[in-house]
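# A closer look at the structure
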Amino acid sequence: GVAAIDLSAFGVGGVAGTETMRSAPPEGMYLGFRYSGIHYGPRYRCVEYAAGKPTPKRGDVDVAAGFAVLDLQEASDTWEHSLINHPSILDCMLQSSSVVRR
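Here's what I pulled together on the structure shown here. Chains are numbered independently. Their residues run from 1 in the order of the written sequence. In view of the model being predicted, local features appear only for residues whose pLDDT reaches at least 70, and side-chain atom pairs are presented and counted only at 80 or more, with totals across whole chains, interfaces and linings using the full set of residues. Note that water and hydrogens are dropped before the side-chain values are worked out from all heavy atoms of the structure.

## Quick look at helix H1 (residues 26-35)
Burial classification: accessible surface area is computed with a 1.4 Å probe over protein chains only, and a residue below 20% of its type maximum counts as buried, one above 50% as exposed, and the rest as partly exposed. By the criteria applied, helices consist of DSSP H or I runs no shorter than four residues and strands consist of E runs no shorter than two, each listed in order from the N terminus. Turning to H1, its buried residues are Pro26, Met29, Tyr30 and Phe33. For H1, the angular spread of buried residues about the axis comes to 95°, placing them on one side. Facing away from the buried side of H1 by more than 90 degrees, the exposed set consists of Glu27, Arg34 and Tyr35. Positioned one or two residues after H1, glycine 37 has a phi angle of 100°, which is positive. Here the arc refers to the directions that run from the helix axis out to each C-beta atom.

Encoded structure:
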């Protein structure tokens, strides 16, 4: 299901309306990708949590806000944890943006 969270504990703010966002469980997100024909293996399933504000208030400029917690999976090799910009983390940033939609 869709849950609302309070992001003030994470220090996220400054944009009106970002205090509560809609979230999607990662399992459901990856199942949706699978139904769309995209199968992410274990190394590319880094999204632990993703939330977004899908619709801005009327009259606002087209604005969207999102928040994600990403983590390398245990399937990753030890040396991969030392990479600053790991390819799967970069890909998971794009994956997590799927919760921010109109």
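## Quick word on the side chain of serine 88
You can see serine 88 is positioned in helix H2 (residues 87-96). Contacts described as polar in this section are N or O atom pairs within 3.5 Å, which, within protein, must combine one atom able to donate a hydrogen with one able to accept it, while residues neighboring in sequence count only if both atoms come from side chains. Only 3.4 Å separates the side chain of serine 88 from the backbone oxygen of arginine 43, close enough to count as a polar contact. A polar side-chain atom of serine 88 sits 2.7 Å from a polar atom in the side chain of histidine 86. We call two residues in contact whenever any of their non-hydrogen atoms come within 4.5 Å of each other. Each residue touching serine 88, except ones within four places of it in the same chain, is listed here: Arg43, Tyr44, Cys46 and Leu72.

## Some words on the environment of arginine 22
Note that arginine 22 resides in strand S2 (residues 20-24). As for arginine 22 and alanine 51, which are separated by 29 residues in sequence, their C-alpha atoms are 5.3 Å apart.

## Describing the side chain of glutamine 95
Looking at the secondary structure, you find glutamine 95 in helix H2. Here the side chain of glutamine 95 touches tyrosine 30 through a polar contact of 2.5 Å, side chain to side chain. A distance of 3.1 Å separates the side chain of glutamine 95 from the backbone oxygen of tyrosine 44, its partner in a polar contact. Beyond its immediate chain neighbours, meaning those up to four positions away, glutamine 95 contacts Met29, Tyr30, Phe33, Tyr40, Tyr44 and Val47.

## Re the nonpolar core
As used here, the term nonpolar core means buried Ala, Val, Leu, Ile, Met, Phe, Trp, Tyr and Cys residues forming a set that is joined through side-chain atoms within 4.5 Å. Residues Met29, Tyr30, Phe33, Tyr40, Cys46, Val47, Ala50, Leu72, Cys92 and Val99 constitute the largest nonpolar core, which totals 10 residues. Listed by contribution, the elements that provide at least two residues to this core are H1 and strand S3 (47-53). Residues within four places of valine 47 in sequence aside, it is in contact with Pro26, Met29, Tyr30, Val69, Leu70, Cys92, Gln95 and Ser96.

## Quick notes on the packing of aromatic side chains
Two rings from Phe, Tyr or Trp (for Trp, the six-membered ring) form a pair when their centres sit within 6.5 Å of each other. Planes less than 30 degrees apart are called stacked, planes more than 60 degrees apart edge-to-face, and all others tilted. All told, the structure shown has three aromatic pairs when counted by the stated rule. With centroids separated by 6.0 Å and ring planes inclined at 55°, the aromatic side chains of tyrosine 30 and phenylalanine 33 adopt a geometry described as tilted. Of this pair, tyrosine 30 and phenylalanine 33 both sit in helix H1, three residues apart, which is roughly one turn of that helix. Each member of the pair, tyrosine 30 as well as phenylalanine 33, is classed as buried. Aromatic rings pair up to connect Tyr30, Phe33 and Tyr40 into one cluster.

## Observations regarding H2
Ser88, Cys92, Gln95 and Ser96 are the residues of H2 that are buried. An end-on view of H2 places all buried positions within 85° of arc, on one side of the element. For H2, the secondary structure elements touched by its buried residues are H1, S3 and strand S4 (65-70).

Treat this as a map of the structure, not an account of what it does.
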